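# Summary of structural features
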Amino acid sequence: MTGLYTVLLLVVSNIFMTIAWYGHLKLQEMKLIDNWPLFAVVLFSWGIALFEYSFQVPANRIGFVDNGGPFNLVQLKVIQEVVSLTVFTAFTILVFRGQTFHWNHIAAFVCLILAVYFVFMK
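One structure accompanies this document, and this report is about it. (Residues numbered from 1 in each chain as written. Predicted model: local features only at pLDDT ≥ 70, side-chain atom pairs only at ≥ 80, totals over all residues. Heavy atoms only, no water.)

Under the criterion given, the structure shown has two salt bridges. Here Glu29 ties to Lys26 by a salt bridge, and the two come within 2.7 Å at their closest N and O atoms. Placement of the pair is Glu29 and Lys26 together in helix H1 (residues 2–29), with a separation of three residues, close to one helical turn. Given a relative accessible area of 49%, Glu29 falls into the partly exposed group. Its salt-bridge partner being Lys77, residue Glu81 comes within 2.8 Å of it at the nearest N-O pair. Here Glu81 pairs with Lys77, and both are found in helix H3 (residues 73–95), just four residues apart, close to one helical turn. Overall, Glu81 belongs to the partly exposed group, its relative accessible area being 31%. (Salt bridge = Lys/Arg side-chain N within 4 Å of Asp/Glu carboxyl O. Helix = DSSP H or I, 4+ residues; strand = E, 2+ residues; numbered from the N terminus. Buried < 20%, exposed > 50% of the residue type's maximum accessible area, 1.4 Å probe, protein only.)

And the structure:
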């Protein structure tokens, strides 16, 4: 169950991360913050990112093998990257409807899946 909790915490963390990193672009597109100075956008995004860290740090702590979790550091990082790109893809499709995915994007995701396979291979 620790592995599942780790992945779920990483998913929630990455939802906040994606909103913090890219949500301001949508808000700007919608003309809600298009005249904000850059420092205000940075502070706004940083406030959202605080929630990311509130889930990311426990995920890594719970999931790390030296703390009783099932994953070593490399495995944690690869899982985090796959979760990050999966969340980003869903966010892009749902929020930025004009963005499209091409065959090379799918090929890159296949490579990530292979990376997960190889990092967990004994």
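So that's the structure; there's more coming.
This paragraph deals with H3. Spacing of three or four residues puts side chains on the same side of an α-helix, whose turn is 3.6 residues. Over its 23 residues, H3 extends 32 Å from the first C-alpha to the last, a length consistent with the 33 Å expected when each residue adds 1.5 Å. Residues of H3 that are buried make contact with H1, helix H2 (38–63) and helix H4 (103–120). Between the side-chain oxygen of the N-cap and the backbone nitrogen of Val74 there are 3.0 Å, and the N-cap of H3 in question is Asn72. (Expected span 1.5 Å × (residues − 1). Contact = heavy atoms within 4.5 Å. Polar contact = N/O pair within 3.5 Å; in protein donor to acceptor, adjacent residues only side chain to side chain.)

As a further point, take the packing of H1 against H3. Two elements in contact, H1 and H3, have axes whose closest approach is 8 Å; the angle formed by their N-to-C orientations is 45 degrees. Our classification of the angle between H1 and H3 gives oblique. Once H1 is placed against H3, the crossing between them reads as right-handed. Facing H1, whose interface residues are Thr6, Val7, Leu10, Val11, Asn14, Ile15, Met17, Thr18, Ile19, Tyr22, Gly23 and Lys26, H3 presents Leu76, Ile79, Gln80, Val83, Ser84, Val87, Phe88, Phe91 and Val95. Taken together, the residues that form the contact of H1 with H3 break down as 14 nonpolar, six polar and one charged. (Axes fitted to C-alpha atoms, helices over the stretch in contact; angles between N-to-C directions. Parallel < 35°, antiparallel > 145°, perpendicular 65-115°, else oblique. Left-handed = near helix turned anticlockwise from the far one by under 90°. Nonpolar A, V, L, I, M, F, W, Y, C, P; charged D, E, K, R; others polar.)

Moving on, we come to the packing of H1 against H2. Look at H1 against H2: their axes get within 8 Å of each other, and the N-to-C directions meet at 170 degrees. The pairing of H1 with H2 is recorded here as roughly antiparallel in orientation.

Here we come to the packing of aromatic side chains. Overall, the coordinates contain eight aromatic pairs when judged by the stated rule. Ring centres 5.3 Å apart and planes at 65 degrees place the aromatic pair Tyr117 and Phe118 in the edge-to-face group. What links up through ring pairs into an aromatic cluster is the set Phe16, Phe51 and Phe55. The cationic tip of Lys26 hangs over the ring face of Phe96; the distance from NZ or CZ to the ring centre is 5.6 Å. (Phe/Tyr/Trp six-rings, centres within 6.5 Å; stacked < 30°, edge-to-face > 60°. Lys NZ or Arg CZ within 6 Å of the ring centre and 35° of its normal.)

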